[in-house]
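# Summary of structural features
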Amino acid sequence: MTDTYLNLVNTGFTKTLAQRLGLPRPAVLRRHRPGDPLVTGPVLVVHDAGSQAEADALAEQLLGWDLDVHRHGNRDDRFGAILVVLTGAQAPADLGAPLLTTGGVLRGLAPGGRVVTVSRAPGDAAPAVAAARQGIDGVLRSLAKELRRGATGNGIVLGDGVEIDAPSVAGTLRFLLSGRSAFVDGQLLTIGSGAGELPADWERPLEGQVAVVTGAARGIGAEIARTLARDGATVVAVDVPAAGDALAAVANEVHGSALQLDVTREDAAERITEHVRSRHGQLDLVIHNAGILRDKLLANMKPETWDPVLAVNVTAPLRITQALLDGDQLGTAPRVVCLASTSGIAGNRGQTNYAASKAGVIGMVRASASALEGAGGTINAVAPGFIETDMTARIPFATREVARRLNSLQQGGQPRDVAEAIAFLVSPQAGGVNGQVLRVCGQNMVGQ
Amino acid sequence: MAAARTPGSQTSSGPTPGSTGAGGDGSSPRRAVVVGGNRIPFARSGGPYVRASNQDMLTAALDGLVARFGLAGERVGEVAAGAVLKHSKDFNLARESVLGSALSPETPAYDVQQACATGMETVVGLTNKIRLGQIESGIAGGVDSTSDAPIVVSDALRTILLDLSRAKTPQQKLKAVSRIRPGHLAPSAPTTGEPRTGLSMGEHQALTTAAMGITREAQDELAAASHHRLAAAYDDGFFDDLLTPYRGLTRDANLRADTSVEKLAKLKPVFGKHLETPATMTAGNSTPLSDGASTVLLASDAWAAERGLPVLATVVDVEAGAVDFAHGRDGLLMAGAHAVPRLLARNGLSLQDFDYYEIHEAFAATVLCNLAIWESEEYCRERLGLDGALGSIDRSKLNVHGSSLAAGHPFAATGGRIVATLAKQLTAKGPGSRGLISVCAAGGQAVVAILEAA
């Protein structure tokens, strides 16, 4: 739905008025359109003293993408993005120099600009090293809250033994720099392995892949179908038979096919497999997007409001994923993405059932990572925050206005923002990202 | 003159018998298969589709089919569809619906009209083209709206208006206009009346019902079974891949899962009230006027295999029939009973050689009269020219997922509904299983067909 306030503070007389009054001014976010430049200006690469080699490698990667890369910045420079490489930090004191350099050019960051940190996971490192690495977490999350005009700050965290030239480092970096990550803010994504590969065509990384998207008839699911198809995937759109007409429209729009199926059916995996294998020979990408809400205070909760929410939101993804794995029905580099929710992370009054299911999804994803890795693939979750959908449009006006502004970008996200994150996680370049929860929430104030 | 013909002579001079075997034997044409189907739920007249045109509904049914089989942007060999109640502006209904659908605009289409057998006849035409190798794929369809029925001006007014359009001088124009009388202005809505007898279809069936001695109880039992079976099929998810919701409707609006013989027995008769025998036909055991559309995807084996699409059933053979109802020789809706023995003979089958029977429930009595005819030694000998009765069928194999009494009957859409439903049943039943379809139509006609699991 339309965010009227956002439109008012960005156009005409009301824009001037909002400026004069010092009202919060959510920016129109830079969202990816095929053919758009990756960033809107030169990229500054800064690093701590111990990260020279890794900063060089990443700068080389950026040059390979035809970007204008700077290694030094001045207060008057205008940058499209700042890459802060901190992989070599050995003690908290090492962070000062590169971050103060970053701070010096921050005011010149272009609208829709990007700050991306690259660091290593604290893991079992020595206390001082771990303190430095964990410190970056705090820096990044605070820095992101400081950014304005649609700029975002996110971090790439290299897991134990992961090299800087791992495909998913470049893949994640490109995602975070691009307009595809418009509503991803204040997040740190861990690259767990060197798996994955860079796509031949960055505009169509999913070429030749076959995707199943559940709950695809409307809202976020429909947008996932569109985005995966745009990126080259053949989409099988799944939704309950009662939503069949909207589902058919989506399937036809993306030149995919429609499968009317209640995912809670015992034979759901079998039906999906039958549809996909006979027509396409393989199933590469599974997006468990189907979800329902039955909000009630726990004090008023009944089985009929509790059970279906758990059945659709978590039991169905569990059962279908397990059946696909057991039946050896997935392609050679499968990707599974589940929809979690910030409610599952931070909790939400009236949503014990929903939060149980969405937190459950996070547990499922973490626990399934090794099984998917064994199958050559990955499983991850995306946790949307406040997204402008038919569902959130039904929230009362005042509550909705507050919910929308409660994040660093001061606005709700669009369904396509969630879809972009999913398209990234299922891409070949995200092969090293496994068992993670990626929030698409504009850095919502709640939870981590 | 025509009465001198015997079915036997027709059989011997008829076309080459179709093979009931699964594959072509080299000498006969290749087979045409049913890949699947899609329809929108059928609504009652004046219900949720009251503002939907035939073109709207047919387009929706096509789009659902295209989505199910991933055909967006594809050029299908040909689309054949039709409607019984048709506006003159809809002369190219099938083609216009294709242009509004997700199919490639390079998909050709043509209209068919054979009263309630329209849907069946579209399947016949396209499967023949596929068997001959003229097309690799086709979509057969049918649609009807009794809510958005064409209303035309009276013939007298039409004559005057046409004269007016030809008039050149003001005097001629004035003269033409002056012929208009208030009575001319009453619009003519379409009816189910037979032009040659003036009787409605229900009254015709009532004559046959009375002549065959079909009881009210038997009709109500058949109607109740139709509702119960259709409801069970919905509950089992049988229609999940045969139907796409439309305008808020997810099931056939006419379906009454909770009906019973007792409830149906309370309804007052509506047809046959002026006959000597007690009237037995009610709104409960007759189909209501309905709105809806259906489609069936037909193809060669190669076309389906190329796309990894399922192959549900083969359209083995078909036969059209017609009876001399105008002179009262046979019942208006009994042509199926006449066509079936010819179809059986040509294919070397007996009436009992089928796993399923789909006899369109125009009225419960229509089905029961058909069965009674086949069980009648006398009728089969005298009217059908057979050696004896065709015999009875196992009623548990008849209309197993319900039929028109429960689903409704948008005239041209019924054939597609039945073909897709039966094809799916046959696949479930397994290889070699066989089904018989009979759909009666106005004008004393019928189209019957044999389908076999592919």
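Not measured: the values here are computed from a predicted model.

Our next topic: the overall build of chain A. Helix and strand counts for chain A come out as 15 helices and 13 strands. The C-alpha radius of gyration computed for chain A amounts to 22 Å, which stays within 12% of the reference 22 Å derived for 448 residues, consistent with globular compactness. For chain A, the spread of C-alpha atoms along the principal axes amounts to about 60 × 50 × 45 Å. Taking all 448 residues of chain A together, 57% fall into the buried category. For chain A, the share of sequence-separated contacts (at least 6 apart) that also reach a separation of at least 24 residues comes to 76%. Taken as a whole, chain A presents about 17700 Å² of accessible surface, with 52% of it coming from carbon and sulfur. When the 41 basic and 44 acidic side-chain charges of chain A are each reduced to a single mean position, those positions are 9 Å apart.

The number of helices and strands found in chain B is 15 helices and 12 strands. In summary, chain B has a C-alpha radius of gyration of 22 Å against a globular reference of 22 Å for 454 residues, a match within 12%. Taken over the C-alpha atoms alone, chain B extends approximately 75 × 60 × 50 Å along its principal axes. Here chain B, with 454 residues, has 56% of them falling under the buried criterion. Look at the contacts in chain B between residues 6 or more apart in sequence, and 79% of them connect residues 24 or more apart.

What follows covers the interface of chain A and chain B. At the interface, 18 residues of chain A touch 22 residues of chain B. Summing both sides of the interface, chain A and chain B together bury roughly 1300 Å²; the carbon and sulfur share of this comes to 47%. On the surface where chain A and chain B come into contact, there are 1 salt bridge. With its nearest N and O atoms 3.8 Å apart, the salt bridge here joins Arg271 of chain A to Asp240 of chain B. Here chain A is connected to chain B by 7 residue pairs in polar contact (both at pLDDT 80 or more). Of all the secondary structure elements, the ones that give two or more residues to the side of chain A that touches chain B are helix H8 (244–253), strand S9 (257–260) and helix H9 (268–280) of chain A. Of the residues forming the side of chain A that touches chain B, the biggest block, 5 residues, is contributed by H8 of chain A.

Right, let's get into the sheet that holds strand S6 (residues 188–191) of chain A. Residues and elements named next belong to chain A. Pairing within the open sheet is parallel, and its 6 strands lie in the order S2-S1-S3-S4-S5-S6. Both outer strands of the open sheet, strand S2 (69–70) and S6, are each paired with one neighbouring strand and no more. Here strand S4 (residues 109–120) pairs with strand S5 (residues 152–158) via 7 bridges, running parallel. Across the sheet, the residue bridging to Val118 is Ile156, located in S5. Relative to S4, helix H5 (residues 127–146) is tilted by about 170°, and along the sheet it contacts S4, S5 and S6. Docked against the sheet, helix H6 (residues 167–177) engages strand S3 (79–85), S4, S5 and S6, running at close to 175° with respect to S5.

Take the nonpolar core next. In a soluble, globular protein the nonpolar side chains are often hidden away together inside. Residues and elements named next belong to chain A. Of all hydrophobic cores here, the largest spans 75 residues; its most connected members are Leu62 and Leu228. The dominant element in this core, judged by the number of residues it contributes, is helix H15 (residues 415–425), at 7 residues. The two domains that each donate at least three residues to this core are domain 1 (31–191) and domain 2 (210–440). The residues touching Leu228, leaving out its near neighbours within four places in the chain, are Leu206, Ala211, Val213, Ala233, Val235, Ile287, Ala423 and Val426.

Okay, the pairing of strand S7 (residues 210–214) of chain A next. Two faces belong to every sheet, and in a regular strand the side chains alternate between them. All names here are of chain A. Of all 5 residues that make up S7, 5 are buried, and the element is covered over most of its length. Residue alternation in S7 divides its side chains into two sets, Val210, Val212 and Thr214 and Ala211 and Val213, and both sets are buried. The pairing of S7 with strand S8 (residues 234–239) spans 5 bridges and is classified as parallel. Counted as the bridge partner of Val210 is Thr234 from S8. Judged from the 3 bridges that link them, S7 and strand S10 (residues 285–288) form a sheet pairing that is parallel. Paired with Val212 across the strands is Val286, a residue of S10.

A separate point is the packing of helix H8 (residues 216–235) of chain B against helix H12 (residues 364–375) of chain B. Residues and elements named next belong to chain B. At a minimum axis distance of 9 Å, the contact between H8 and H12 shows a crossing angle of 110°. By the angle between their axes, H8 is roughly perpendicular relative to H12. For the element pair H8 and H12, the recorded crossing hand is right-handed. The residues of H12 that touch H8, namely those facing Ala218, Gln219 and Leu222, are Ala364, Ala365, Val367 and Leu368. Residues of the contact of H8 with H12, tallied by class, amount to 6 nonpolar, 1 polar and no charged.

Two strands in a sheet stick together by hydrogen bonds in their backbones, pointing the same way (parallel) or opposite ways (antiparallel). All names here are of chain A. Spatially, 7 strands are ordered S9-S8-S7-S10-S11-S12-S13 in an open sheet, and the strand pairing comes out parallel. Looking along the sheet, the strands with just one partner apiece sit at the ends: S9 and strand S13 (437–440). Here the average twist between neighbouring strands, direction ignored, is 20°. Sheet analysis places S8 next to S9, joined by 4 bridges and oriented parallel. Across the sheet, the residue bridging to Ala237 is Ala258, located in S9. The strands touched by helix H10 (residues 303–326) within the sheet are S10, strand S11 (335–339) and strand S12 (378–384), with S10 carrying the most contacts at an inclination of about 165°.

Listed under "domain: Thiolase C-terminal" (unreviewed entry) in the UniProt record, and renumbered for this structure, are residues 312–452 of chain B. What you have in residues 312–452 of chain B is 35% helix and 21% strand, and the ends, taken at the C-alpha atoms, are 9 Å apart.

Another aspect to go through is the packing of H6 of chain A against H15 of chain A. All names here are of chain A. Closest axis-to-axis distance for the H6/H15 pair is 11 Å, and the angle between their directions is 165°. Classified by the angle their axes make, H6 and H15 are roughly antiparallel. Between H6 and H15 lies a crossing whose hand is right-handed. Counting all contacts with H6, which are made through Gly171, Thr172 and Phe175, the residues of H15 involved are Glu420, Ala421 and Phe424. Counted by class, the contact of H6 with H15 contains 3 nonpolar, 2 polar and 1 charged residues.

The rules we used
- All residue numbers refer to position in the chain's written sequence, counted from 1.
- For this description, chains carry letters from A and ligands carry numbers from 1, given in the order in which they are written.
- With pLDDT at 70 or above as the cut-off, local features in this predicted model cover only qualifying residues; side-chain atom pairs require 80 or more to be listed or tallied, and sums for whole chains, interfaces and linings still use all residues.
- Heavy atoms from the whole structure form the basis of all side-chain values; hydrogens and water molecules are not counted.
- Per the convention used, a helix needs a DSSP run of H or I reaching at least four residues, while a strand needs a run of E reaching at least two, with both numbered from the N terminus.
- With C-alpha atoms as the basis for the radius of gyration, the globule rule is written as 2.2 Å multiplied by the number of residues raised to the power 0.38.
- When a residue's accessible area, from a 1.4 Å probe over protein chains only, is under 20% of the maximum for its type it is buried; when over 50% it is exposed; and in between it is partly exposed.
- Residues count as neighbours in contact if any of their non-hydrogen atoms are within 4.5 Å of one another.
- What sets the accessible areas is the Shrake-Rupley method with a 1.4 Å probe; for residues, cover comes only from the shown protein chains.
- Asp and Glu count as negative and Lys and Arg as positive, but His and the ends of the chain are not part of the count.
- Charged groups are reduced to one reference atom each: NZ for lysine, CZ for arginine, CG for aspartic acid, CD for glutamic acid.
- In this description, buried area is defined as the sum, over both parts, of the accessible area (probe of 1.4 Å) that is lost when the two are combined.
- Here a salt bridge means any side-chain nitrogen of Lys or Arg lying within 4 Å of a carboxyl oxygen belonging to Asp or Glu.
- Two N or O atoms form a polar contact when they lie within 3.5 Å of each other; inside protein one atom must be a possible hydrogen donor and the other a possible acceptor, and for residues adjacent in sequence the pair counts only when both atoms belong to side chains.
- At least two DSSP bridges between two strands are needed for those strands to be called paired.
- Simply put, an axis is a line fit to the C-alpha atoms, just over the touching stretch for a helix, and the angle between two N-to-C directions goes from 0 to 180 degrees.
- For the purposes of this section, nonpolar cores are sets of buried Ala, Val, Leu, Ile, Met, Phe, Trp, Tyr and Cys residues that join through side-chain atoms within 4.5 Å.
- What counts as a domain boundary in this text is fixed by an automatic or database domain assignment.
- Every angle not falling under 35 degrees, over 145, or within 65 to 115 is termed oblique; those three ranges are roughly parallel, roughly antiparallel and roughly perpendicular.
- Note on convention: the crossing is left-handed when the near helix lies turned anticlockwise from the far helix by less than a right angle, right-handed when the turn is clockwise.
- All residues other than Ala, Val, Leu, Ile, Met, Phe, Trp, Tyr, Cys, Pro, Asp, Glu, Lys and Arg, Gly among them, are scored as polar; the first ten of these are nonpolar and the last four charged.
- UniProt positions are given in the numbering used here, feature names are shortened, and annotations may be inferred rather than shown by experiment.

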